[in-house]
Amino acid sequence: MLLQELKEEAFKLSPSDRLALVSAILESLQNSSVSQPDRSGAIRRMRGLLKTNQPAPTDEEVAEMLTDRRVAKYLK
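Conventions used here
- Residues numbered from 1 in each chain as written.
- Predicted model: local features only at pLDDT ≥ 70, side-chain atom pairs only at ≥ 80, totals over all residues.
- Heavy atoms only, no water.
- Helix = DSSP H or I, 4+ residues; strand = E, 2+ residues; numbered from the N terminus.
- Rg over C-alpha atoms; globule rule 2.2 N^0.38 Å.
- Buried < 20%, exposed > 50% of the residue type's maximum accessible area, 1.4 Å probe, protein only.
- Areas by Shrake-Rupley, 256 points an atom, 1.4 Å probe, with all protein chains shown as cover.
- Lys, Arg positive; Asp, Glu negative; His and termini not counted.
- Charge placed at Lys NZ, Arg CZ, Asp CG, Glu CD.
- Patch = residues over 30% accessible without salt bridge, like charges linked within 9 Å, V, L, I, M, F, W, Y side chains within 5 Å.
- Salt bridge = Lys/Arg side-chain N within 4 Å of Asp/Glu carboxyl O.
- pLDDT = per-residue confidence, 0-100.

## Quick look at the overall build of the protein
Stage number 1. Within the protein one finds four helices and zero strands.
Stage number 2. Scaling as 2.2 N^0.38, a compact globule of 76 residues should have a C-alpha radius of gyration of about 11 Å, whereas the protein reaches 27 Å, well beyond that.
Stage number 3. Considering only C-alpha atoms, the protein reaches an extent of 65 × 35 × 20 Å along its principal axes.
Stage number 4. When each of the 76 residues of the protein is scored for burial, the buried share is 3%.
Stage number 5. Looking at the protein as shown, the accessible area adds up to about 7,700 Å², and 59% of this sits on carbon and sulfur atoms.
Stage number 6. Each charge sign in the protein was given a centre, from 12 positive and 11 negative side chains, and these centres are 4 Å apart.

## Things to note about a negative patch on the surface
Stage number 1. On the surface, a cluster of negative charge is contributed by Asp59, Glu60, Glu61, Glu64 and Asp68.
Stage number 2. One can find Glu60 in helix 4 (residues 59-74).
Stage number 3. Residue class for Glu60 comes out exposed when judged on its relative accessible area of 60%.

## Thoughts on the pattern of salt bridges
Stage number 1. A complete count under the given rule lists one salt bridge for this structure.
Stage number 2. Among the ionic pairs, Glu9 bridges to Lys12, the shortest N-O distance being 3.2 Å. Residue Glu9 and its partner Lys12 are located together in helix 1 (residues 3-12), separated by three residues, close to a single helical turn.
Stage number 3. According to the relative accessible area criterion, Glu9 is partly exposed, its value standing at 38%.
Stage number 4. On the accessibility criterion, Lys12 (63% relative accessible area) is exposed.

## Some thoughts on the confidence of the model for the protein
Stage number 1. Summing up the model confidence of the protein, the mean pLDDT is 86 and the portion of residues at 70 or higher is 92%.
Stage number 2. The least confident element of the protein, judged by mean pLDDT, is helix 3 (residues 39-50) at 79; the most confident is helix 4 at 94.

This is the structure:
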């Protein structure tokens, strides 16, 4: 049975039967082993995106960048 056919059949059920069907589906999902995403792999890939050959800016450089941004945003 295709998903579309299953949906059509579900709409033919009474509200209480549809609720029982939803409960059965949820129970089947809880009992199945749904794999968790590999968070550590995603973190490693994100760290790789952040790598650069330049040193991190100093606090003074960051403060100057913020000041320049605010001047450009509010005074120009």
